[in-house]
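# An overview of the molecular structure
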Amino acid sequence: MHQQRSEPHLSPSSDTEDIVAILAPRLAYFAGVARTEHVTRAAQEMQVPQSTLSRAMVRLEHDLGVDLFARRGRTVSLTPAGRTFLASVERALAEIERAADEVRADADPATGKVAFGFLHTMGSETVPGLIRAFRADHPRVRFSLVQNYGEAMIERLRSGELDLCLTSPVPDAPDLVARRLDEQKLRLVVPADHRLASRRRIRLAEAADETFVTLEPGYGLRRITDDLCQQAGFRPRVAFEGEEAETLRGLVAAGLGVALLPPPAVPRPGVVELTVTAPRAAREIGVAWLDGHPDTPPVAAFKKFLLSKRGTLLPD
């Protein structure tokens, strides 16, 4: 007969963190003893002293307040409580092993993973070209790609979801490291039948009376648009706000306004793109990462590759 132990070390009201911290180091020992039903053989298989294993099992039972084993000399067998506990322990250990395999695979220099974020406007040509060039020397490195606006990517850097991101404006924050890589000129995009469509160059002040279509507040390009218009002496009248530059270009083609946008990957019919002579219309593109965050070998290699592209990231 096996009675439930009195005065357990942990009460049912103990915090979950306390229970996990106390029990976790002993779970693999418990599974080994349960598998062999013999303390000596389990100690030999796990290469730990038998005395260490025996004390760990006694302490585990004491902390739980439940007998997990029925002991007969050097052999042991699971009690009903032990069988119940073992089923969950084996699932937990298998999940830990799976997680360990996953993080080791992600850190592998040859086949690891890079979580890389970038602006929507970088997605059609710039980022595919970068990855193609990088994989010429690192053909098996994997990428988890995230397209988003700058502030959202910075938050994902801080949460650990991203290793690196291409963003604009280049962030200036004490917890981040950012490096300027290139500059991208912005153009005033107007409908093909617009009064300014016959022009090649324009001062932004000449568009003060126009209706603008822009990205939503919070996007870096929206902030740049507002700043440039302020420098030109006006506040833009915004008719439509969107989340993606090519959608805005489509709205311009439909005659719904004008927009300040980076060059398109492919020329869009129905619009004319004018060079802005004043104020200077451009945005900086940079790479950012979390300060003090250790890099895995594949992340370090891709970071070095990106930094080597300073001044040549974008086409002229």
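## Topic: the overall build of the chain
A count of helical and extended segments in the chain gives nine helices and 13 strands. Taken over the C-alpha trace, the chain has a radius of gyration of 31 Å; the compact-globule value for 316 residues is 20 Å, which it surpasses by more than 25%. With respect to the principal axes defined by its C-alpha atoms, the chain has extents near 100 × 45 × 35 Å. Going through the 316 residues of the chain one by one, you find that 42% of them count as buried. When contacts within the chain are restricted to residue pairs at least 6 apart in sequence, those whose partners lie at least 24 apart make up 73%. Of the roughly 17200 Å² of accessible surface on the chain, 50% is carried by carbon and sulfur atoms. Each charge class in the chain can be summarised by its mean position, and for the 41 positive and 42 negative side chains these summaries are 4 Å apart.

## Side note on the packing of helix 5 (residues 126-135) against helix 9 (residues 297-307)
With their axes 11 Å apart at the nearest point, helix 5 and helix 9 run at an angle of 115° to one another. Where helix 5 crosses over helix 9, the two elements pack in a sense that is right-handed. Facing helix 5, whose interface residues are L130, A133 and F134, helix 9 presents P298, A301, F302, F305 and L306. Of the residues contributing to the contact of helix 5 with helix 9, the split by class is eight nonpolar, no polar and no charged.

## Side note on the nonpolar core
F116, L164, L166, F302 and L306 are the most contacted members of the largest nonpolar core, which totals 35 residues. Contributions of two or more residues to this core are made by strand 3 (113-118), helix 5, helix 6 (150-158), strand 5 (164-167), strand 6 (176-185), strand 13 (282-290) and helix 9. It is strand 13 that contributes the most residues to this core, five residues altogether. Look past the residues within four positions of L164 in its chain and what remains in contact with it is A115, F116, G117, L157, V287, A288, W289, V299, F302, K303 and L306. Core analysis: the second largest hydrophobic core is formed by 30 residues, L186, F212, L261 and V276 among them.

## A word on the pairing of strand 5
Across the two faces of strand 5 the burial is the same, with L164 and L166 and C165 and T167 all buried. As paired strands, strand 3 and strand 5 are joined by three bridges and run parallel to one another. By the bridge assignment for strand 5, G117 is matched with C165. Both strand 5 and strand 13 contribute to a ladder of three bridges, which runs antiparallel. Among the inter-strand pairings, T167 is bridged to a residue of strand 13, identified as G286.

## Concerning the confidence of the model for the chain
Keep in mind that low pLDDT regions are not for reading the predicted coordinates in detail. Here the chain shows a mean pLDDT of 90. Residues at 70 or above account for 92%. Considering only residues more than four positions removed or in separate chains, one finds that residues 1-8, a stretch of pLDDT under 50, has 17 contacts. Throughout residues 10-14 the model reports pLDDT below 50, and contacts reaching past four residues in sequence, or to other chains, amount to four contacts.

## Some remarks on the packing of aromatic side chains
Describing an aromatic ring pair means giving the distance of the ring centres and the angle of the ring planes. Going through the model one piece at a time under the given rule, you end up with 11 aromatic pairs. Considering the side-chain rings of F30 and F69, the 5.5 Å spacing of their centres and the 55° angle between planes classify their relative orientation as tilted. Linking F30 in helix 1 (residues 16-36) with F69 in strand 1 (residues 69-72), this pair joins segments that are 39 residues apart in sequence. Given a relative accessible area of 3%, F69 falls into the buried group. Between the aromatic rings of F116 and F118, the centroid separation amounts to 5.9 Å while the plane-to-plane angle is 45°, which identifies the pairing as tilted. Comparing F116 with F118 shows no difference in burial state: the two are buried. Ring-pair connections join several aromatic residues into one group, and the members of that group are F116, F118, F134, F143, F302 and F305.

How each quantity is defined
Residues numbered from 1 in each chain as written. Predicted model: local features only at pLDDT ≥ 70, side-chain atom pairs only at ≥ 80, totals over all residues. Heavy atoms only, no water. Helix = DSSP H or I, 4+ residues; strand = E, 2+ residues; numbered from the N terminus. Rg over C-alpha atoms; globule rule 2.2 N^0.38 Å. Buried < 20%, exposed > 50% of the residue type's maximum accessible area, 1.4 Å probe, protein only. Contact = heavy atoms within 4.5 Å. Areas by Shrake-Rupley, 256 points an atom, 1.4 Å probe, with all protein chains shown as cover. Lys, Arg positive; Asp, Glu negative; His and termini not counted. Charge placed at Lys NZ, Arg CZ, Asp CG, Glu CD. Axes fitted to C-alpha atoms, helices over the stretch in contact; angles between N-to-C directions. Left-handed = near helix turned anticlockwise from the far one by under 90°. Nonpolar A, V, L, I, M, F, W, Y, C, P; charged D, E, K, R; others polar. Core = buried A, V, L, I, M, F, W, Y, C linked by side-chain atoms within 4.5 Å. Pairing = 2+ DSSP bridges. pLDDT = per-residue confidence, 0-100. Phe/Tyr/Trp six-rings, centres within 6.5 Å; stacked < 30°, edge-to-face > 60°.

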